[in-house]
Structures are given as C-alpha cells and as structure tokens.
Amino acid sequence: MASKVSNFSDLIQRVTASCLLHPLAGISRPDDISVADEDEDYHNEAVEEEEEEKFMINSDWDDEDHPPRVMELEMLMSQVFDAVSVMKRAYVSLQGAYCPWDPDKMRVADVAVVAELRRLGLLRERFRRSTGGGGGRGGRWGIGAATLREVVAPYEAAVEGLKREVKTKQVEIENLREKLKTATSLDRMSGKSKGKSKRRVSCTTQVAAAPAVELFESTMSLVKEASKAFTSLLLSLMRSARWDIAAAVRSIEAASSTTATTNNPTTATTFTDSIVGANHAKYALESYLNRKIFQGFDHETFYMDGSLFSILHPDQHRTDCFTQYRDMKAMDPTELLSILPTCSFGNFCFKKYLSIIHPKMEESLFGDLEQRRQVLDGHHPRSQFYGEFLGLSKAVWLLHLLAFSLDPAPSHFEASRGAEFHSQFMESVVRVSGNNGGPKVGASMVVGFPVSPGFKLGNGSIIKARVYLVPKN
C-alpha cells in the first residue's frame, strides 16, 4: 500500500511539473520551441508512460478485490487530474489575454485559475486527512484545525455582525414599545369616550399632578405661538403662488361678517371696504384658522361623534382627559399618528385639515391634491406643511383636554365683529394710539374681527380674546 501511494505522489508531481514547465504550450508558435525542449518533453513522456505501466501492474486487481480505501484514492486522483487539466486551460487563457490585451478575458481567466487552485488545495487537505499525513498525529490535527479555522472565520465574523444588528434592533424595539404604551393609553381613552370601554388600565405608576389654571394659561400661550407659526407658513405659500392677498382678506372678512350677523343679529355696524391694513393680512388669515380649528371646542369630542361620557361620568372623564394630556404632551404628533393614525387626535386632524384647506387652495399652493387624497385615505402626509399643521392641532387638542380636566371647566368666548372694545376681556393684536388701549380707546374703536378666542377660568381669571380693532366711524 505504501508503494502504491508513493507511485501516486510521484505521478502527481510529474503532471504538475509538466503543467508549470509548459504554461504556454497551447498558444506558442512552433519556431519558439527549441530542440532541447523537444528532447526534454520526449524524456518526460517516456518516464510518465513507464510510471503509468508500473502503476497499472501494481494495481492490477479484480473489481471484487479492490479495497474501499483504494477506490476512494482513485476517485480522489481522478478529481486531481481534472482540476489540473482545467487549471492548465485557464492559465493558457490567462496568458493569451495579455496579447492582445483583453481585460475582461483576463479577469475571467484569473477567476478560473484561482478557483481551480482552491479546489486543488481542498483536495490536498482531503488527501492528507484520509492518509494521515502531515507529520504524524499532531501535525495532522494541526493542519485540520488550521483549515477549519480558515473556513469558519468568515462565518464567525458574519455572526458577530448579526449579533450587533440584533442588539440595535432590540433597542429600537424597546423604544417603540414605550411609544406604543402611550399610544395605547390614548386609544383606550378614545374607546371610552365612545362607550366601548368603561375601564382604564394605567400605563404609569407615578402619582398624577392635578390640573391647574396656570397650566391652562401656559398651554394657551403655546396655541398662540403655533397659530402664528402656521399662519406665517400659509401666508408665505400664498404669496409664492401669487395669490391676490387683498382679495383673500376680503373673503375672510365677508365670512367673519356672516358669522357675526348669525350669532348677533343686533349688530348694525357695516363695512363696505376692507378694514385690514396693508401689512395686517396675517391677522385676517390667523382669524380664519382659529375660527375653523376652535369650532366645536365646547364639546368633548369636537362633535366628531355624539358621545356624552363627560356628562354621564364627569369625574372619570376629567381624570382620563388629564392622563391623556400628560401622556401626549411630550410626544411628537407625527410619531404618534404613525402608530395610531385613526385615534381621536388623528380623526381631529383629519377633520380640521379638510375644513381649513379647501381643495382649490391646496391645488393652488402645491399643484396637486396629493395631501388631501392621503388624508381622505386615512393617512397623515409627511410634508413640512402638514407637520406645521400637526403642531397647531396638537396645541389645540392639549388645550381641549385641559379644559375638560378642570372643575369647573373654563368658559369659552369670542368677540363679535363690530362689538365695542372692552380691555377687561380683549386685547388688540395691533398697537392702538391713545392710552395704550385704555378706556378711552373703547369709545373710539370697535372690533374689526376676532383673531383668537378668550376663556374665563374657574378662579375668576381671564384669558383675553385677541381682536383686530378699527375706528368706529
């Protein structure tokens, strides 16, 4: 058996030496081959034939006498010869790609050569493991372990990378779970307001602070700031779209006049021309926005449904409203609505957007009705304009929650067009000459149109309504 293995090894070495000594045999010209090379080839071929004859003599067994070990080695050697032949052809192609220069062909041939070299390396390791070579038992195990490490190393690196990704995803999952807790509490509140559930599971173990008048006043200040910011954005878009701002203001004034006449038929003051100064269009637009978004403020759901939960269970409703206020105050409205787009707050945003932004207005400002289509489909657009609108909507929604958390609830009032100015309940959005809006101003100025509503709180304090004043005559 040892003699046969030696014959196999000698034969492999001679075949390999022949391939390396004549790599360009397939593309060389006849005049490049010397007589010495022909003699050497003849000698090598004679030796190879002699070795093959010895091999055939030494391995001349019947099929039934072939040990499994010998058959395995014969199969291995057949694979070695095939790999060497393929590698030789690939190497010839690689050499041929240099003249003429063909980068694509060279890359293909290079990949083929490397692949066959790797294949030969695997066959070598397989042969060493099967014959027990490599310098004894310790050497055999050392080579096997080294080969195993080389094979496993890329997979271990990939596993470590996946573990890092899993840790990152776990952190994101924890953050989303916290957001889902808050959103679930909001959705639960919505369900109770519709009579679907009369039981609340608290998402926090902290003792809730009681709602206070000062908190309502500070939230109203946030509403004013958000209203001004959204008004400025809308006005800039209107100017970019080359709107006739004066005509838009006159339309707003006409709508305000109609509302005032409906609410107070005794109002006799009339205005034939626009009462808004050249630089005061923003107040008329802010008046329009506040009138639309505060409509239905006195109802517990802005008349989005016919719920009477605040009347049937007033104490529970006040507690639920303040809990929802605390849960929602620190949340980004865009993130909240991405989780629960159709919660009570989400439906409020849908309703108010469709009420404030007319289809013709949106098409004029943006060139299409894409945002309106998304809203009608139950989705909240991810645009800057809609993001500013969500900021105003959230501020008004929080103010509404606080209003229904206080006992007694604040009373909501609004100045009418043409009404006399009362400094106790009103403040002018523009500076009025003469006593800084004192008593004498009331005798000469009247309300041109309301800008934002006012509130009378339970402790007797007043949040003044903002109005645009004009001369009485």
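Notes on the structure in this doc start here. (Residues numbered from 1 in each chain as written. Predicted model: local features only at pLDDT ≥ 70, side-chain atom pairs only at ≥ 80, totals over all residues. Heavy atoms only, no water.)

On to helix α6 (residues 213-240), then. For α6, spanning 28 residues, the distance from its first C-alpha to its last is 41 Å, which sits close to the expected 40 Å at 1.5 Å a residue. Once α6 ends, the next one or two residues include Arg 242, with phi positive near 60°. (Helix = DSSP H or I, 4+ residues; strand = E, 2+ residues; numbered from the N terminus. Expected span 1.5 Å × (residues − 1).)

Along any regular strand, the residues point their side chains to alternate faces of the sheet. Of all the seven residues making up strand β6 (residues 465-471), six are buried; the element is thus mostly covered by neighbouring parts of the structure. As defined by bridge partners, strand β2 (residues 426-428) adjoins β6 across three bridges and the pair is classed as parallel. By the bridge assignment, Glu 427 is partnered in β6 with Arg 466. Alignment of strand β3 (residues 445-452) against β6, held across six bridges, turns out to be antiparallel. Along β6, the bridge assignment pairs Val 447 with Leu 469. (Buried < 20%, exposed > 50% of the residue type's maximum accessible area, 1.4 Å probe, protein only. Pairing = 2+ DSSP bridges.)

Taken in spatial order, the three strands line up as β1-β4-β5 in an open sheet, and their pairing is antiparallel. Of all strands in the sheet, those bounded by a partner on one side alone are β1 (411-413) and β5 (462-463). Here β1 pairs with strand β4 (residues 454-456) via three bridges, running antiparallel. For His 412, the partnering residue across the bridge sits in β4 and is Phe 455.

Let us now look at the environment of Leu 117. Inspection of the secondary structure puts Leu 117 in helix α4 (residues 103-131). On the basis of relative accessibility, which here comes to 45%, the residue Leu 117 falls in the partly exposed class. Distance in space between the C-alpha atoms of Leu 117 and Ala 83 is 8.1 Å, their sequence separation being 34 residues.

Turning next to a nonpolar patch on the surface. Taken together, Leu 308, Ile 311 and Leu 312 make up a surface patch of nonpolar side chains, about 340 Å² in accessible area. For Ile 311, the position within the fold is in helix α9 (residues 309-312). (Patch = residues over 30% accessible without salt bridge, like charges linked within 9 Å, V, L, I, M, F, W, Y side chains within 5 Å. Areas by Shrake-Rupley, 256 points an atom, 1.4 Å probe, with all protein chains shown as cover. Salt bridge = Lys/Arg side-chain N within 4 Å of Asp/Glu carboxyl O.)

Now for the sheet that holds β2. Spatial ordering of the open sheet is given by β2-β6-β3, a layout of three strands whose pairing is mixed. Among the strands making up the open sheet, the edge pair consists of β2 and β3. Taken pair by pair, the neighbouring strands of this sheet meet at an average axis angle of 45°, ignoring direction. Running over the sheet, helix α8 (residues 281-293) touches β3 and β6 and is turned about 55° from β3. (Axes fitted to C-alpha atoms, helices over the stretch in contact; angles between N-to-C directions. Contact = heavy atoms within 4.5 Å.)

Before going further, it helps to examine the packing of aromatic side chains. Within the structure shown, the criterion is met by 18 aromatic pairs. Here Tyr 283 and Tyr 468 contribute two aromatic rings whose centre-to-centre distance is 6.2 Å and whose plane-to-plane angle is 35°, an arrangement assigned as tilted. On the criterion of sequence distance, the pair formed by Tyr 283 in helix α8 and Tyr 468 in strand β6 is long-range, its members being 185 residues apart. Grouping residues by exposure puts Tyr 283 and Tyr 468 together as buried. Here the aromatic residues Phe 216, Phe 294, Phe 297, Phe 302, Phe 345, Phe 348, Trp 397 and Phe 455 are joined through ring pairs into a cluster of three or more. (Phe/Tyr/Trp six-rings, centres within 6.5 Å; stacked < 30°, edge-to-face > 60°.)

What follows is about unusual backbone geometry. With an omega of 5°, the peptide bond between Asp 407 and Pro 408 qualifies as cis. Of note, Pro 408 is situated in the loop between α15 (384-403) and β1. Located in the positive-phi region is Arg 242, a residue other than glycine, with phi close to 60°. Mapped onto the secondary structure, Arg 242 falls in the loop between α6 and α7 (245-263).

With respect to the helices, strands and loops of the structure, Ser 287 is situated in helix α8. Taking the C-alpha atoms as reference, Ser 287 lies 9.4 Å from Thr 231; in sequence the two are 56 residues apart. Contacts of Ser 287, omitting those with residues within four sequence positions, involve Phe 449, Pro 450 and Val 451.

Shape descriptors only; they carry no functional weight alone.
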